[in-house]
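Chain by chain, the residues run as shown.
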Amino acid sequence: QVQLVESGGGLVQPGGSLRLSCAASGRTFSDSVAGWFRQVPGKEREFVATISSTGSATLYADSVKGRFTISRDNTKNTVYLRMNSLKPEDTALYYCAIRRALSLSRRPNDYGDWGQGTQVTVSS
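Report follows, based on the coordinates. (Residues numbered from 1 in each chain as written. Predicted model: local features only at pLDDT ≥ 70, side-chain atom pairs only at ≥ 80, totals over all residues. Heavy atoms only, no water.)

Things to note about the packing of aromatic side chains
- Taken as a whole, this structure holds five aromatic pairs when the rule is applied.
- Aromatic side chains Phe37 and Tyr111 sit 5.0 Å apart centroid to centroid with 75° between the ring planes, which places their arrangement in the edge-to-face category. Taken together, the residues Phe37 in strand β4 (residues 33–39) and Tyr111 in the loop between β9 (92–99) and β10 (113–114) connect sequence positions 74 residues apart. The burial state of Phe37 is the same as that of Tyr111; both residues are buried.
- Cluster of aromatic residues (ring-pair linked, three or more members): Phe37, Phe47, Tyr95, Tyr111 and Trp114.
- Sitting over the face of the ring of Tyr95, Arg45 holds its NZ or CZ atom 3.8 Å from the ring centroid. (Phe/Tyr/Trp six-rings, centres within 6.5 Å; stacked < 30°, edge-to-face > 60°. Helix = DSSP H or I, 4+ residues; strand = E, 2+ residues; numbered from the N terminus. Buried < 20%, exposed > 50% of the residue type's maximum accessible area, 1.4 Å probe, protein only. Lys NZ or Arg CZ within 6 Å of the ring centre and 35° of its normal.)

What about the pattern of salt bridges?
- Evaluation of the coordinates by the stated rule reveals six salt bridges.
- With its nearest N and O atoms 2.9 Å apart, the salt bridge here joins Asp90 to Arg38. Highlighted residues: Asp90 in the loop between β8 (78–83) and β9 and Arg38 in strand β4, separated in sequence by 52 residues.
- Overall, Asp90 belongs to the buried group, its relative accessible area being 1%.
- Residue classification places Arg38 among the buried positions, given a relative accessible area of 6%.
- Between Asp62 and Lys65 there is a salt bridge; the shortest N-O distance is 3.2 Å. Per residue, the accessibility class of Asp62 equals that of Lys65, and both read exposed. (Salt bridge = Lys/Arg side-chain N within 4 Å of Asp/Glu carboxyl O.)

Considerations on the nonpolar core
- Ranked by size, the top nonpolar core spans 33 residues in total, and within it Trp36, Val79, Leu81, Met83 and Tyr94 carry the most contacts.
- Secondary-structure elements contributing two or more residues to this core are β3 (18–24), β4, β5 (46–51), β7 (68–73), β8, β9 and β11 (118–122).
- Here this core takes five residues from β9, the largest share from any one element. (Core = buried A, V, L, I, M, F, W, Y, C linked by side-chain atoms within 4.5 Å.)

If you want it as structure tokens, here you go:
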């Protein structure tokens, strides 16, 4: 089983930037699709971005396209989410997850391993 640990969340003003990191343990990380999701209380977990095992393919939610960038470094077993031009509606608990398959997916149920989440709050 892979363990995932997110970091990099915090409080930021609207228009600001953050970079989230997700460090993975285990030998299967480099063979897995990775994704970022977010959730606010009372709402379902929402897809943010996903990246293929090699980093050659990515998908983004429309709400973050052009502002967020997902990337990965398989030598460090880490996936990143660079978030620019942050808005108050980006406030959420952000989770990383991995999917042991080749195809990208926007569905949380397609991901089998999850981190504990890191809080991002965008407020002035």
